[in-house]
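Coordinate analysis (summary)
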Amino acid sequence: MHIKKLLTLSIFLFGLIGLIIIAITTHQSPTIATDNSPNNKIEFLEVEKTNQKTSVKIKYHLSAKQPILIINCPQINNLDTDKLKKDIGADNVGLNSDEQNVYLNLKNHISPQSSGELNLEILSKAPTVLQFKDIDNNKLAEKAINPEKTKVTDTSSNNTEPDEDTPNEQESNQSTNPEDETANEEPVKETATDSETVTDISKREDPDSDNPEDSKPDDEDSEIEDDQVLNDDEEDVNSGWNQSDRLGISTGKPVETLDPDSGEKKIAYPVIYFGALNYALGGGIKISDSLSTDRSGHGRKNNITAANSAIILTKPDGDPNDIQRDTDYNDKKATQRNRWYTSTYGDGLMTYDKSIIDNDNQKQTEFGSQRNFTTTNLNYYAERDLPGVNSVKRPDLFGPGNIDKNKKKMGMDTSSFKFYWKKDPVTTLTEQRIVFKQSHSKKSIKISTTQRFGLDGSIIITTEFKNVGKERIPEFTGYTFRDVTFMKDHRYETRESKNVLRSLGDNRGVYATRQSHNGSIEFHLTNFEDSPYAWSARGTKSSYFQSSNEHRFPFNTRSKEIFGKSDSFNDIYDKGDNGRDPGLGKAFAGKGVSWESGISMHTENQSLGVGKTVSMTYSTSVVPISSDPMIDVHQKGTVKDPIMVDPSKKLKLNGSWFYLGSTRISINCLVDAKETDPEKLKHQIMEPINKIADYRQSDYEQSKGIRKPWKHEIDISNLSAGIHTIYFAAKDEVGKTKTSPIKKVVIKIPRHATKKPQIEIDSPVESSSKDDPFDPEYNDGLNLKGSWSDADSKNVDLTYQLDDGQEMPIGENKTHKNILGVPMPWHINNLSIMHINDVKVHKIDIKINDGNDTVIETFYFQKRNGAPILEVPANINFGSNHIIPNKDQVVTADVSGPLRVNDFRGVSNKALKISLQVKHFNQSTFDEDSGKDNTKTLTSSLSLDGQKIPFNTPVQIGPDLYTEDGVWKKTTVLSHKINDKIKLKIHGNNHDSNGDFSSQWFWTASDTI
């Protein structure tokens, strides 16, 4: 068994100085099917406020056969459910505190015209959000009552009552008088706890505050975190987050592909990183270097608030972490390097391209991805007393790359910037996080942005804004701006400079396509609980941007750039393009606008107390363009997260298609295929009997790859209870030979409700047993989901028990209100199994009790032995040193990150050896005349703890390692074997030229000779 990790070490020599760097490269509860029925809707008739409560009168239109209305309310304790029980009957009101849902059966309160009226009462002045859904979980309407602090997460407590710093209606009522700012802007004194808590290991003060007392939450008592839930606080030593002083890339799952230009076989690596790609490759530049001033003097060298991604094509044996070279890829003599596809202006732009001119007519050489950035409205408070048009409704913004000396901490407090990485416990891929602060006077916001890969290959980006200052921020909005410009091989293609941002349909988000890049990028902006409140596909700016009276972005109401249309938003209450979908494949800017530069998004305006956090999440996906028909299904049911459906109704599915090959396709559909072999499965799907429709497109739509809609209804009344898979594929109706890749949707039909309670487990697998337990692989947490039902009980208790441990409630309370006969979802998130370190079969009992009967479903799992995992340092840095001709210079490595072995073999009689093999430092230069690479070798030697490490020869690091029989994981840390012990001796030769010298380091874990 051999586990090998490849590292690339680069030396850059210039003049008498050598800069030497080493860097690493290593290769919900179930949802309900959508049914957008026009018959179901909510109308708001009136809202009446008194000193004690707020009354909301609604008119509903629902199906007379199933008049179920679901009210989702994150502040569910504010809603007067006793009044609802009195009005429509206690038996017709169900409460699910875990899901924050109230279920109303309006069967006795609906007219022959399928309508009725209802009065709701809010018993608090605190912000309350009411979202109305029908029985199919379709969103009908949403209303914010007292909308000062909606979507705020209190990180210190689960208390749903208003905080001490929450102003009353007279102090702040943005819904009725948003221009009245005087009352909102008075600082509110925060309370603090009497005791201070520090981490035992580091004994350090809170890094998010200049004074440890300042960062304490509003609430007097902080809730102790449940140790059964995995921790994600990057400052906690047990969270798994590792800090690094250098940037880098994280790779997703590679796939085989063909080079779209040459047709050669390549490997496509999706990668994530912060800042510009050229600064993240090859081990990445230092954070301090990124934060330095760029050559134009405008902003920072590398905008590391940019959450970026790319596709890197390598040869089958290539390294995606190879650095970009400052040459033109279109030169046919240089076609053996990697290819880089990015989607942000200036991301990976290199010095050879002299055609780019900045606003001051100065030629730029390094752009650093300036047009993706995150910021807040904190600058409003810095400038609210100055003359001008700055206001709460249209605040002056200040980018994180702005280096105005009078506002040193407004854009970014550079001393607070930190970069982290860790292994995602779900996907086992590496995720990344940046953290920095924006500060003004007593106000300070900690901004944390996390990028990670989803199970479907998408990239999920979450930004959290936390108040770590000394006073409440009465009006707060957080912003993210994303440029969409296609870059290829570190250059900007002017021949296809105009991007058209089009709709994904159904208010799902935005996409843009570039045929020369053989793909499109999608932005999914509405499928998360904390999706952006407002978003607009009409522009962005640079990270060093600052609003002014003349430049009101993103609140220009008549922008000259887009022919007099609104730039992004009229004001902070305008949701932009959110809810204004032009239709699948249609451009958001509309007629007369042939380009859009990017996407703007922001949180809802709200009060943010000390210690409080608001978050915003969206995702991106890269979809390759193919010469075959392409099809997508909007519903995303999977085996681990199936769509729960009602078999009494037809299942409605829809999606999109595009095809560059002809103007006509057909789509086929198959339920529960018999075949498993991919080729036989495709043949079965494409049988004529499974054809559902023909579709056409215009020649223009074909040439641009514009997506077109499709839809289909399936009768599922005859399907049995359980999991079912629905397959789709498209076929060229002109040539009759080309077909699309197969797309599939997994649905779940629940069991029929009975008087005896029922509970089902759907995820992570539908069934498990002692003989066939679920394998969590290398994860330390479990997410379980399922459904329950009961035909005649008003209340049921839901609990779970891990092995013989304590019985725990599912949700906040174990007692759940029941809607008779309606399947209800349950879930257990991030259940920690970190303490289990054996390979025995374990179980989790999921229990439901209705007072008469108890039903138990058991989930079995087993951690299994496997190959060891070798973790190598994130960076090994030799610093900057004077190299004098004919003199030797010895440099000690600064090692960042652990050298650690997680041994999962579970066999005690085999030694595991960790070894290191180092290649020579070489410099390759391309000779344009000969068309060949010239190679020079640096005169140097390497030693470890005084012992020479010969080049090209494996050297063992540390002793032989043994594990124990029956043990799942044994961890050995070897950092002390290399920290401060790796030394490089460089001999200054006159023939050594300036430039990059590279070396490859191979770390190997082997239990065989």
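Residues numbered from 1 in each chain as written. Predicted model: local features only at pLDDT ≥ 70, side-chain atom pairs only at ≥ 80, totals over all residues. Heavy atoms only, no water.

Things to note about the sheet that holds strand β55 (residues 900–903)
- Overall, antiparallel pairing links the three strands, which are arranged β51-β55-β62 in an open sheet. What marks the edges here is a single partner per strand, and that holds for β51 (869–871) and β62 (970–973). Neighbouring strand axes in the sheet, compared pairwise and without regard to direction, differ in orientation by 15° on average. (Pairing = 2+ DSSP bridges. Helix = DSSP H or I, 4+ residues; strand = E, 2+ residues; numbered from the N terminus. Axes fitted to C-alpha atoms, helices over the stretch in contact; angles between N-to-C directions.)

Things to note about the packing of aromatic side chains
- This structure, assessed with the given rule, holds 13 aromatic pairs.
- Between F373 and F481 the ring centres are 5.0 Å apart and the planes differ by 35°, which places this aromatic pair in the tilted class. Of the two residues, F373 sits in strand β19 (residues 373–376) while F481 sits in strand β25 (residues 478–483), which places them 108 residues apart along the sequence. F481 matches F373 in its accessibility class, with the two residues each being buried.
- Here the aromatic rings of Y479 and F481 are separated by 6.1 Å at their centres, their planes lie at 5°, and the arrangement is stacked. Across this residue pair, the class does not change: Y479 and F481 are buried.
- Ring pairs connect the aromatic residues F373, Y479 and F481, which therefore count as one cluster.
- Over the face of the ring belonging to F44 we find K143, whose NZ or CZ atom lies 5.5 Å from the ring centre.
- Over the face of the ring belonging to Y381 we find K443, whose NZ or CZ atom lies 4.9 Å from the ring centre. (Phe/Tyr/Trp six-rings, centres within 6.5 Å; stacked < 30°, edge-to-face > 60°. Buried < 20%, exposed > 50% of the residue type's maximum accessible area, 1.4 Å probe, protein only. Lys NZ or Arg CZ within 6 Å of the ring centre and 35° of its normal.)

Topic: empty space enclosed by the protein
- Roughly 60 Å³ of volume is contained in the second largest cavity.
- Every residue lining the second largest cavity is counted, 13 residues in all, and those nearest its centre are T305, A307, T374, T480 and Y618.
- Elements with a minimum of two residues in the lining of the second largest cavity: β19, β23 (459–467) and β25.
- Counted by class, the lining of the second largest cavity contains six nonpolar, six polar and one charged residues. (1 Å grid on protein atoms, 1.4 Å probe; cavity = no way out; pocket = protein on both sides within 12 Å on 5 of 7 lines; lining within 4 Å. Points joined across faces, edges and corners; volume = space filled by probe spheres on them. Nonpolar A, V, L, I, M, F, W, Y, C, P; charged D, E, K, R; others polar.)

Considering unusual backbone geometry
- A cis amide bond links S763 to the next residue, P764, at an omega of 15°.
- Position of P764 relative to the elements: it lies in the loop between β43 (758–763) and β44 (781–789).
- Here D672, not a glycine, exhibits a phi torsion of approximately 55°, which is positive.
- On the secondary structure map, D672 appears in the loop between β38 (664–671) and α5 (678–685).
- Overall, D672 belongs to the partly exposed group, its relative accessible area being 33%.
- In this structure, D803 is a non-glycine residue whose phi angle is positive, near 50°.
- Its location among the elements puts D803 in the loop between β45 (795–802) and β46 (808–809).
- Among the residues examined, D803 registers a relative accessible area of 22% and is labelled partly exposed.

A few points about helix α1 (residues 81–88)
- T81, L84 and I88 are the residues of α1 that are buried. All buried residues of α1 fall inside an arc of 50° around its axis, so they share one side. Away from its buried face by more than 90 degrees, α1 exposes D82 and K86.
- Looking at the buried residues of α1, the elements they touch are β7 (93–96), β8 (101–105) and β9 (115–122).
- Backbone nitrogen of D82 and a side-chain oxygen of the N-cap are separated by 3.2 Å at the start of α1; the cap is D80.
- Immediately downstream of α1, the backbone of G89 shows phi near 100°, a positive value. (Arc of directions from axis to C-beta. Contact = heavy atoms within 4.5 Å. Polar contact = N/O pair within 3.5 Å; in protein donor to acceptor, adjacent residues only side chain to side chain.)

Describing the side chain of Q684
- Here Q684 lies in helix α5.
- You can call Q684 buried: its relative accessible area is 13%.

Observations regarding the nonpolar core
- Within the largest apolar cluster, 55 residues are counted, with the highest numbers of intra-cluster contacts made by F417, V510, F523, L525 and I599.
- Dropping the residues within four chain positions of it, F523 is found in contact with R482, V484, L504, R508, G509, V510, I599, Y618, S619 and T620.
- Core analysis: the next-biggest nonpolar cluster, separate from the first, contains 29 residues, L870, L912, I986 and W1003 among them. (Core = buried A, V, L, I, M, F, W, Y, C linked by side-chain atoms within 4.5 Å.)

As for the sheet that holds strand β5 (residues 54–61)
- With antiparallel pairing, three strands are arranged side by side in an open sheet as β4-β5-β9. One side of each edge strand has no neighbouring strand; the edge strands of this open sheet are β4 (41–49) and β9. Between one strand axis and the next, the sheet turns by 20° as a mean value, whatever way the strands run.
- In this structure, β5 lies alongside β9, joined through eight bridges in antiparallel fashion. Looking across to β9, one finds that S55 is bridged to E121.

Description of the pairing of strand β30 (residues 519–524)
- Most of β30 is tucked away, with six of its six residues classed as buried.
- Here six bridges tie strand β29 (residues 509–514) to β30, and the two strands are oriented antiparallel to one another. Each residue of the ladder has a partner; that of R514, found in β30, is G519.
- The pairing of β30 with strand β34 (residues 612–624) spans six bridges and is classified as antiparallel.

With respect to the pattern of salt bridges
- Per the counting criterion, the structure on display carries 31 salt bridges.
- As a salt-bridge pair, K301 and D289 come within 3.2 Å of each other at their nearest N and O atoms. Within this pair, whereas K301 is found in the loop between α3 (287–290) and β17 (307–314), its partner D289 is found in helix α3, the two being separated by 12 residues in sequence.
- A relative accessible area of 18% places K301 in the buried class.
- For K785, the salt bridge is made with D641, and the minimal N-O distance between the two is 3.7 Å. Note that K785 is positioned in strand β44 and D641 in the loop between β35 (630–633) and β36 (643–644), a separation of 144 residues in sequence.
- The class of K785 is buried, set by a relative accessible area of 13%.
- Exposure remark for D641: the relative accessible area of 16% places this residue in the buried category.
- Because the salt bridges share partners, they merge into one network encompassing K748, R751, E760, D762 and E857. (Salt bridge = Lys/Arg side-chain N within 4 Å of Asp/Glu carboxyl O.)

What to know about α5
- Those residues of α5 not exposed but buried are L681, K682, Q684 and I685. Angularly, the buried residues of α5 cover 160° about the axis, an arc narrow enough to put them on a single face. Opposite its buried face, α5 presents the exposed residues E679, K680 and H683, each directed more than 90 degrees away.
- Those residues of α5 hidden inside the fold are in contact with β38 and β41 (722–732).
- Sitting at the amino-terminal end of α5 is D677, which places a side-chain oxygen 3.2 Å from the backbone nitrogen of E679.

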